[in-house]
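Residue-level structural notes
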Amino acid sequence: MPIACTHLDQIKEVKPSAKGCEECLKTGDTWVHLRLCRICGHVGCCDSSKNKHATKHFHATKHPVMQSFEPGEDWFWCYVDEVMFELG
Ligand SMILES: [Zn+2]
Ligand SMILES: [Zn+2]
Ligand SMILES: [Zn+2]
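Quick caveat, the model's predicted, so the values are computed rather than measured. (Residues numbered from 1 in each chain as written. Chains lettered and ligands numbered in written order. Predicted model: local features only at pLDDT ≥ 70, side-chain atom pairs only at ≥ 80, totals over all residues. Heavy atoms only, no water.)

Looking only at helix α2 (residues 53-61), the buried set comprises His-53, Ala-54, Thr-55, His-57 and Phe-58. Against α1 (22-27), β1 (34-37) and β2 (43-45) lie the buried residues of α2. The positive-phi residue at the C-terminal boundary of α2 is Lys-62, with phi of around 65°. (Buried < 20%, exposed > 50% of the residue type's maximum accessible area, 1.4 Å probe, protein only. Helix = DSSP H or I, 4+ residues; strand = E, 2+ residues; numbered from the N terminus. Contact = heavy atoms within 4.5 Å.)

See the structure below:
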């Protein structure tokens, strides 16, 4: 099945900005899961976390594609196309 995301050409090999959610680490907050922005390397917390920093990062920067930053998970999510996919 072709991947329905139209932003694949924007995905970059990024260096994660932090080992945890960048903003939560600053404020001493906790998170549930981590998400890695594949445009700039920002690490933010998922929508199950109270601060939802990954989604806030998308709204602030318009960086469309993030990847799960959890061990053993490598799926991607495009905020614009609202599709989940994996790169083989
Ligand atoms: Zn997309
Ligand atoms: Zn956070
Ligand atoms: Zn970003």
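Here we take up the coordination of the zinc ion (ligand 1). The coordination sphere of the zinc ion (ligand 1) contains the protein donors Cys-5 (SG), His-7 (ND1), Cys-78 (SG) and Asp-81 (OD), at a distance range of 2.0 to 2.4 Å. Bound by four donor atoms, the zinc ion (ligand 1) shows angles of 99 to 116° at the metal and therefore tetrahedral coordination geometry. Between the donor residues of the zinc ion (ligand 1), the gaps in sequence give the motif C-x1-H-x70-C-x2-D. Highlighted residues: Cys-5 in the segment before α1 and Asp-81 in the loop between β4 (76-78) and β5 (83-85), separated in sequence by 76 residues. We classify Cys-5 as buried; its relative accessible area is 6%. (Donors = N, O, S within 2.8 Å, 3.2 Å for Na, K, Ca; no water. Tetrahedral: all angles 85-135°; square planar, octahedral: opposite > 155°, others 65-115°.)

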